[in-house]
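Residue-level listing of the chains:
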Number of protein chains: 2
Amino acid sequence: MKKDNNLKQVLDAVDTNLDAYVDRLFDLLRIESISTDPAYAPKCKQAADWLVKDLKSIGFKARSIKTPGHPMVIAHHHKVKGAPTVLFYGHYDVQPVDPLNLWDNPPFEPKIVTCKGGRKQMVGRGTSDDKGQLMTFVEACRTWKAETGNLPINVTILFEGEEESGSPSLIPFLKEYKDELKADIALVCDTGMWDLKTPAISSALRGLVGLEFTIHAASRDLHSGMYGSAARNPIHLLTSILSDMRDANGKITLPGFYDGVPEVPKKILKQWDGLGFSEKAFLGEVGLKVSAGEKGRSVLEMIWSRPTFEVNGIYGGYTGDGFKTVIPAQASAKVSFRLVGTQDPKKINKAFQTFVKERLPKDCKATFHAEGGSGAIQLDYSLPELAKASTALKEEWGKDTALIAMGGSIPVVGLFQRLLKTESLLIGFAQDDDRIHSPNEKYELNSFHKGTRSWARILQALA
Amino acid sequence: MKKDNNLKQVLDAVDTNLDAYVDRLFDLLRIESISTDPAYAPKCKQAADWLVKDLKSIGFKARSIKTPGHPMVIAHHHKVKGAPTVLFYGHYDVQPVDPLNLWDNPPFEPKIVTCKGGRKQMVGRGTSDDKGQLMTFVEACRTWKAETGNLPINVTILFEGEEESGSPSLIPFLKEYKDELKADIALVCDTGMWDLKTPAISSALRGLVGLEFTIHAASRDLHSGMYGSAARNPIHLLTSILSDMRDANGKITLPGFYDGVPEVPKKILKQWDGLGFSEKAFLGEVGLKVSAGEKGRSVLEMIWSRPTFEVNGIYGGYTGDGFKTVIPAQASAKVSFRLVGTQDPKKINKAFQTFVKERLPKDCKATFHAEGGSGAIQLDYSLPELAKASTALKEEWGKDTALIAMGGSIPVVGLFQRLLKTESLLIGFAQDDDRIHSPNEKYELNSFHKGTRSWARILQALA
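In this text the structure is predicted, and so the values were computed from the model without any measurement. Position numbers for residues count from 1 along each chain, tracking the sequence in the order it is written. Whichever chain is written first is A, and whichever ligand is written first is 1; the rest continue in order. Given that this is a predicted model, residues contribute local features only at a pLDDT of at least 70 and side-chain atom pairs are listed and counted only at 80 or more, while totals for whole chains, interfaces and linings are drawn from all residues.

Observations concerning the overall build of chain A
Right, on to step 1. A tally of regular secondary structure across chain A gives 14 helices and 18 strands.
Right, on to step 2. For chain A, whose C-alpha radius of gyration is 25 Å, the value lies close to the compact-globule estimate of 23 Å for 463 residues.
Right, on to step 3. In terms of its C-alpha atoms, chain A occupies a principal-axis envelope of roughly 85 × 50 × 50 Å.
Right, on to step 4. Here a residue counts as buried when 20 or more other C-beta atoms fall within 10 Å of its C-beta, as exposed when 12 or fewer do, and as partly exposed in between; the C-beta atoms come from the backbone. Across the 463 residues of chain A, 52% fall into the buried class. Elements are defined by DSSP. Helices are runs of H or I of four residues or more, strands are runs of E of two residues or more, and each kind is numbered from the N terminus. It is over C-alpha atoms that the radius of gyration is taken, and the globule rule equals 2.2 Å times the number of residues to the power 0.38.

Digging into the environment of Gly192 of chain A
All names here are of chain A.
Right, on to step 1. Here Gly192 shows up in the loop between strand 7 (185-188) and strand 8 (200-205).
Right, on to step 2. Given 23 C-beta atoms within 10 Å, Gly192 falls into the buried group.
Right, on to step 3. Taking the C-alpha atoms as reference points, Gly192 and Val123, separated by 69 residues in sequence, lie 17 Å from one another.
Right, on to step 4. Think of it this way: build a C-beta for each residue from its backbone, and any pair within 7 Å is a contact. Apart from the residues lying within four places of it in its own chain, the contact partners of Gly192 are Ala200, Gly428, Ala430, Gln431 and Asp432.

Some details on the sheet that holds strand 4 (residues 111-114) of chain B
Residues and elements named next belong to chain B.
Right, on to step 1. Between any two strands, pairing holds if DSSP finds at least two bridges. Strand order in the open sheet formed by three strands is 4-5-18, and the pairing between neighbours is antiparallel. With partners counted over all chains shown, the strands left at the sheet margins are strand 4 and strand 18 (442-444), one partner each. When strand polarity is set aside, the average angle formed by the axes of neighbouring strands in this sheet is 35°.
Right, on to step 2. Here strand 4 runs beside strand 5 (residues 120-123); their pairing, made up of four bridges, is antiparallel. Along strand 5, the bridge assignment pairs Thr114 with Lys120. Note on geometry: axes are lines fitted to C-alpha atoms, helical ones only across the stretch in contact, with angles between N-to-C directions running from 0 to 180 degrees.

Some remarks on helix 12 (residues 384-397) of chain B
Given 3.6 residues to a turn, an α-helix orients residues that are three or four positions apart in the same direction.
All names here are of chain B.
Right, on to step 1. Over its 14 residues, helix 12 extends 20 Å from the first C-alpha to the last, a length consistent with the 20 Å expected when each residue adds 1.5 Å.
Right, on to step 2. For helix 12, every residue scored as buried is listed here: Glu385, Ala389, Ser390, Ala392, Leu393, Glu396 and Trp397. Summarising the axial view, the buried residues of helix 12 lie within an arc of 165°, below the 170-degree limit, and thus occupy one face.
Right, on to step 3. Where helix 12 is buried, its residues contact strand 7 (185-188), strand 8 (200-205), strand 17 (424-427) and helix 14 (445-461).
Right, on to step 4. Positive backbone phi, at 75°, marks Gly398, one or two positions downstream of helix 12. Helix span, expected: 1.5 Å multiplied by one less than the number of residues in the helix. What the arc describes is the spread of directions from the helix axis to the C-beta atoms.

Describing the relation of the copies chain B and chain A
Right, on to step 1. Laying chain B over chain A is done by rotating through 180° and shifting 0.2 Å along the axis; what remains is an RMSD of 0.2 Å. Taken together, these values place the two copies in the relation of a two-fold axis. In this comparison the copies share one frame, found by least squares on the C-alpha atoms of residues holding pLDDT of at least 70 in both.

Re the interface of chain B and chain A
Right, on to step 1. Residue-level contacts link 63 residues of chain B with 63 residues of chain A.
Right, on to step 2. Looking at the side of chain B that touches chain A, the elements that each hand over two or more residues are helix 6 (224-227), helix 7 (234-244), helix 10 (299-305), strand 11 (308-317), strand 12 (326-327) and strand 13 (330-339) of chain B.
Right, on to step 3. Element by element, the count of residues in the side of chain B that touches chain A is highest for strand 11 of chain B, at nine residues.
Right, on to step 4. Amino acid classes used here: Ala, Val, Leu, Ile, Met, Phe, Trp, Tyr, Cys and Pro are nonpolar; Asp, Glu, Lys and Arg are charged; the rest, including Gly, are polar. For the side of chain B that touches chain A, the residue count by class is 26 nonpolar, 24 polar and 13 charged.
Right, on to step 5. Alignment of strand 11 (residues 308-317) of chain A against strand 11 of chain B, held across five bridges, turns out to be antiparallel. By the bridge assignment for strand 11 of chain B, Gly313 of chain A is matched with Gly317 of chain B.

What to know about the sheet that holds strand 18 (residues 442-444) of chain A
Residues and elements named next belong to chain A.
Right, on to step 1. Sheet architecture is open: three strands sit in the order 4-5-18, paired in antiparallel fashion. The open sheet has two edge strands, strand 4 (111-114) and strand 18, and neither has a second partner. Shown here is a sheet whose adjacent strand axes are inclined to one another by a mean of 35°, direction ignored.
Right, on to step 2. The sheet contacts of helix 14 (residues 445-461) involve strand 4, strand 5 (120-123) and strand 18, and relative to strand 18 the element is tilted by about 55°.

Focus on the pairing of strand 16 (residues 402-406) of chain B
Two faces belong to every sheet, and in a regular strand the side chains alternate between them.
Residue and element names in this part refer to chain B.
Right, on to step 1. Judged by how many residues are buried, strand 16 sits mostly within the fold: five of five residues are covered.
Right, on to step 2. Of the two faces of strand 16, both are covered, the one formed by Ala402, Ile404 and Met406 as well as the one formed by Leu403 and Ala405.
Right, on to step 3. Across five bridges, strand 8 lies against strand 16 in parallel orientation. Paired with Ile201 across the bridge in strand 16 is Leu403.

Remarks on unusual backbone geometry
Right, on to step 1. Along the chain, Asp129 of chain A connects to Asp130 of chain A via a cis peptide bond; the corresponding omega equals 10°.
Right, on to step 2. Among the structural elements, Asp130 of chain A can be located in the loop between strand 5 and helix 3 (131-148).
Right, on to step 3. Even without glycine at this site, Arg435 of chain A takes up a positive phi of about 55°.
Right, on to step 4. With respect to the helices and strands, the residue Arg435 of chain A is situated in the loop between strand 17 (424-427) and strand 18.
Right, on to step 5. Judged by the 16 C-beta atoms lying within 10 Å of it, Arg435 of chain A is partly exposed.
Right, on to step 6. Unusually for a residue other than glycine, Ser229 of chain B sits at a positive phi of about 75°.
Right, on to step 7. Counting through the fold element by element, Ser229 of chain B comes out in the loop between helix 6 and helix 7.
Right, on to step 8. On the basis of neighbour counts, which here come to 26 C-beta atoms within 10 Å, the residue Ser229 of chain B falls in the buried class.

Quick notes on the domain arrangement of chain A
Residue and element names in this part refer to chain A.
Right, on to step 1. Marked domain ranges trace back to an automatic or database domain assignment. Segmenting chain A into domains produces domain 1 (2-205 + 377-461) and domain 2 (207-261 + 307-374).
Right, on to step 2. The C-alpha centroid of domain 2 is placed 40 Å from the C-alpha centroid of domain 1.
Right, on to step 3. Between domain 1 and domain 2, the residue contacts involve six residues of the former and six residues of the latter.

Re the packing of helix 12 of chain B against helix 14 of chain B
Residue and element names in this part refer to chain B.
Right, on to step 1. Relative to each other, helix 12 and helix 14 sit at 140°, their axes nearing to 9 Å. Considered as vectors, helix 12 and helix 14 are oriented oblique to each other. Considering the relative orientation of helix 12 and helix 14, their crossing is right-handed. On the side of helix 12, the interface is formed by Lys388, Ala389, Thr391, Ala392, Leu393, Glu395, Glu396 and Trp397, while helix 14 contributes Lys450, Arg453, Ser454, Arg457, Ile458 and Ala461. Any angle between 65 and 115 degrees counts as roughly perpendicular, while under 35 counts as roughly parallel, over 145 as roughly antiparallel, and the rest as oblique. In this scheme the crossing of two helices becomes right-handed for a clockwise turn of the near helix relative to the far one and left-handed for an anticlockwise turn of less than a right angle.

Side note on the confidence of the model for chain A
Right, on to step 1. Each residue carries a pLDDT score, the predictor's confidence in it, ranging from 0 to 100. Predicted confidence across chain A gives a mean pLDDT of 92, with 98% of residues reaching 70 or more.
Right, on to step 2. The complex prediction reports pTM at 0.72, with the ipTM value standing at 0.72.

Re helix 3 of chain A
Residues and elements named next belong to chain A.
Right, on to step 1. Taking 1.5 Å as the rise per residue, helix 3 with 18 residues should run 26 Å; its terminal C-alpha atoms sit 25 Å apart, in good agreement.
Right, on to step 2. Among the 18 residues that make up helix 3, 14 are buried, leaving the element largely enclosed by the rest of the structure.
Right, on to step 3. Two residues or fewer past helix 3, Gly149 is found with a positive phi of approximately 80°.

Right under this line is the structure:
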């Protein structure tokens with residue numbers, strides 16, 4: 001019963017001390033740590049130093065480590081012999097704030113506002129992405145330490161300062177510090193809840209392959225009255241190739257594309273069914289009614305678990321006002337694939353290039369420009385830490401934890417897998433409407449409060 | 001024998017007086033009659049007045065007639081009782097001259113240059129399109145009149161001043177003056193020869209239907225990580241629809257598209273085969289090797305006698321530098337059809353819109369913007385005037401007259417058919433490399449000289 005008593009005491013302390021936690025977060029939020037703009041490098045360093053100081057005050061061994069970009073913060077609190085070690089990840093850098101005129105309040109002067117529904121929200125750059133989120137974990141540690149003199153588990157913390165600018169230093173850094181960062185499980189706090197009341201663990205992240213390609217036909221633009229039909233129109237080739245990429249049922253026809261695409265376990269599909277997701281509302285919100293994509297799959301299944309092929313941009317010929325009867329010399333498209341399971345980004349990139357080239361007449365050629373590629377991340381649904389964290393979250397929020405998937409990608413999760421051999425639990429308390437990367441970014445005060453309580457529970461659950 | 005003697009005398013006089021003809025043409029070329037720019041309206045009026053004065057000096061009843069745009073010139077010389085009447089058409093307006101810095105010589109200071117091959121060329125705006133061409137006819141009339149006191153046939157002349165700016169006044173003008181312009185045959189001098197040595201009559205002009213259309217899907221741009229596959233991507237619809245427009249053999253699949261498309265008579269196909277046209281050279285000049293379009297048709301057949309469907313422009317989604325994983329709200333294309341035979345532009349426009357709409361899911365829509373439409377012109381190969389003019393040209397040039405087709409369109413020919421019930425012979429002496437509409441426009445001195453002689457012959461041949 002000691003353990004349960006400890007937890008209750010910690011949770012009560014979180015409730016009591018919330019105002020102080022908010023004040024501390026606001027101190028961090030006031031530091032303009034915009035990582036993408038070199039002018040703000042001193043601010044990034046200041047934010048890293050602030051975190052080191054704060055973690056030391058809790059009892060962590062913490063330090064800021066120089067990189068070719070902005071510093072990394074590593075902190076350790078390993079004082080429970082035989083207990084597992086968790087590696088917590090967050091990032092202290094933020095997105096730029098322009099257009100400044102769209103902010104109702106200066107972005108680096110955080111404040112609490114009460115929104116129409118009566119909920120309290122912290123508004124300011126970084127409240128949700130990711131300073132507010134990372135501080136939920138720090139405050140949970142602080143409270144455990146203050147109330148019980150220790151943490152229930154061994155904790156390593158890694159705070160990055162370049163997440164919003166492509167993480168250029170992350171790979172070499174992880175390689176260099178991999179022994180120091182080794183842990184039984186990683187906790188990544190940069191994702192969201194299912195809704196305001198339902199906690200979630202993101203269990204799958206799709207990978208991404210991006211390509212821009214151009215089809216070249218004649219050596220110059222031609223007049224369609226002179227050359228129509230006889231000369232190859234690269235737009236025809238482009239549209240025909242892109243059209244060939246899907247069959248009538250929405251399946252991608254690229255050979256080998258579905259290699260490594262797993263079916264979602266029935267149990268999980270059933271759980272998704274129980275989330276009360278409305279396809280009609282999801283599509284209706286953006287003016288659509290009919291689900292695109294593969295026939296026989298639900299919208300949720302498609303956006304969470306299926307690979308996709310999308311044309312993100314297309315251009316060729318005359319696109320200005322009016323009309324010009326031109327047969328252009330070239331036409332281009334930007335395409336991307338979202339990957340799942342063990343789909344191989346390199347293989348898919350290559351297969352697509354072959355797919356295009358095979359469809360060109362011998363007097364035309366295609367040039368390709370890769371826009372990066374990363375494989376998908378799929379959490380092992382049988383991980384014991386997943387079950388424990390799910391239960392802890394359910395106890396805090398009073399609702400089953402949703403195991404959700406994400407369309408986007410969080411590269412650090414793949415890097416932890418590959419370089420540290422460590423699986424990640426993606427647990428966060430953001431909401432879809434937090435306006436991250438946009439003016440008036442906010443974080444629900446309730447997310448901050450119950451997020452801190454959630455981590456307090458999870459720290460014990462994983463012990 | 002009188003007739004033949006007369007012709008010989010006229011032809012000799014053309015040879016003798018060529019320098020004077022060139023001087024007169026240069027006077028007309030110096031008038032900056034750019035029709036599309038309102039600042040040059042007085043120059044257009046000046047060119048019309050110059051022509052009226054010149055035609056009067058030959059003995060024509062000539063006048064300049066005001067229109068809402070630039071004036072029309074009508075002139076009559078009807079002094080051969082019982083003889084047929086020809087209506088000659090040319091235009092005195094010219095294209096703008098920018099970019100001025102690409103001209104080797106000021107565009108309105110015409111001069112004769114000797115090109116690398118030793119040929120003499122008149123260089124300046126309007127030399128080929130169309131002042132140099134129309135003056136070949138005027139000089140032929142002048143010489144007949146000077147040498148014999150009359151013309152062999154009744155001649156009406158119509159000079160337009162808005163051909164290069166869309167001919168806005170032409171239809172109402174033709175309607176108002178249709179009785180005065182009535183003729184047995186029209187002679188339109190705004191086309192070219194087959195090559196430097198081979199005269200040609202353009203016997204077919206393709207029509208044109210132009211359309212811009214946009215496919216609208218979601219109410220705003222979407223993130224492909226969030227909505228990929230589930231939300232309809234209008235670029236996929238667009239590429240699929242455009243791709244559907246052709247089958248594997250290059251045939252257009254639009255229902256009813258080939259209604260009214262005639263097969264070229266074997267005799268004409270054979271004549272085309274004899275022209276020595278090289279597909280390899282034609283395509284090779286623009287860096288291509290493989291003929292596109294319908295299988296089993298020659299390139300010449302395709303560009304002269306077959307209808308086409310081309311995408312002239314396509315755009316949608318993110319087209320800037322780098323990458324944005326967007327699913328755009330809309331995507332657009334500009335398309336055009338070249339029509340032949342009796343293909344109906346309105347029917348094809350409508351069929352295409354139906355074709356697009358039938359392929360849209362019910363939550364998407366398409367909007368269309370028509371860019372005008374005109375039917376094809378097909379000369380009746382059995383016209384007696386065609387045979388007579390062909391023979392006259394052959395006698396002048398020493399080579400069989402090529403009956404060629406044109407990819408482009410000359411609207412006046414259709415209007416003569418429709419409003420005046422008059423068929424046209426399109427006879428001109430331009431070359432493909434005359435750089436019309438471009439800097440350093442030129443006209444072969446030989447085209448001017450033997451063009452004048454050609455008309456001298458044709459005037460008699462049609463009498």
